[in-house]
Amino acid sequence: MNGYAAYPHRLPGGRYWAMIRVCREAHPAPVMAGEDRPKVFDTRGEAAEECLRHLVAFMNGRPIRGETFEVVKPATVARAKAEMLFLGGARTIQVERV
């Protein structure tokens with residue numbers, strides 16, 4: 001579901017399309033030259049290079065969730081006491097398995 005794919009696809013006649021699949025798409029799609037036609041490459045290397053360029057641009061062009069964290073201070077006294085219990089700052093209860 002969240003997979004990526006990038007590969008050159010050989011066309012009849014020896015030319016290539018650069019096929020890209022990113023996490024929000026179900027199937028690979030060719031890199032488009034215009035709105036209505038795919039970009040055609042003469043060699044497999046050119047198509048592979050275009051695949052890399054588009055995939056890296058997609059991955060670097062959007063923020064990653066959870067990259068920065070804010071320190072959240074407890075809003076209430078009850079929450080502060082509860083957090084102290086879980087962080088070991090107050091009385092702890094020993095649990096034994098029988």
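Note that the structure is a prediction, hence the values are computed from the model and not measured.

On to the environment of methionine 32, then. Turning to its location among the elements, methionine 32 is positioned in the loop between β3 (29–30) and β4 (40–41). Overall, the relative accessible area of 39% leaves methionine 32 in the partly exposed class. In this structure the C-alpha to C-alpha distance between methionine 32 and tryptophan 17, which are 15 residues apart in sequence, comes to 9.1 Å.

The next point concerns the nonpolar core. Core analysis: the largest hydrophobic core is formed by 11 residues, namely Tyr16, Ala18, Ile20, Val22, Cys23, Val31, Phe41, Ala47, Cys51, Leu55 and Phe58. Looking at this core, the elements that each hand over two or more residues are β2 (16–21) and α1 (44–60). The element best represented in this core is α1, accounting for 4 residues. Setting aside residues up to four positions removed in sequence, alanine 18 forms contacts with Tyr7, Ala29, Pro30, Val31, Phe41, Ala47, Glu50 and Cys51.

Reading guide: rules and limits
The numbering scheme is per chain: residues are counted from 1 as the chain's sequence reads. Totals for whole chains, interfaces and linings use every residue, but because this is a predicted model, local features are given only for residues with pLDDT of at least 70 and side-chain atom pairs only at 80 or more, for both listing and counting. As a convention, hydrogens and water are excluded, and side-chain values are obtained from all of the structure's heavy atoms. Per the convention used, a helix needs a DSSP run of H or I reaching at least four residues, while a strand needs a run of E reaching at least two, with both numbered from the N terminus. Any residue under 20% of the maximum accessible area for its type is buried, any over 50% is exposed, and the rest in between are partly exposed; the area is computed with a 1.4 Å probe on protein chains only. Only buried residues count toward a nonpolar core, which is a set of Ala, Val, Leu, Ile, Met, Phe, Trp, Tyr and Cys residues joined through side-chain atoms within 4.5 Å. It only takes one pair of heavy atoms within 4.5 Å for two residues to be counted as in contact.

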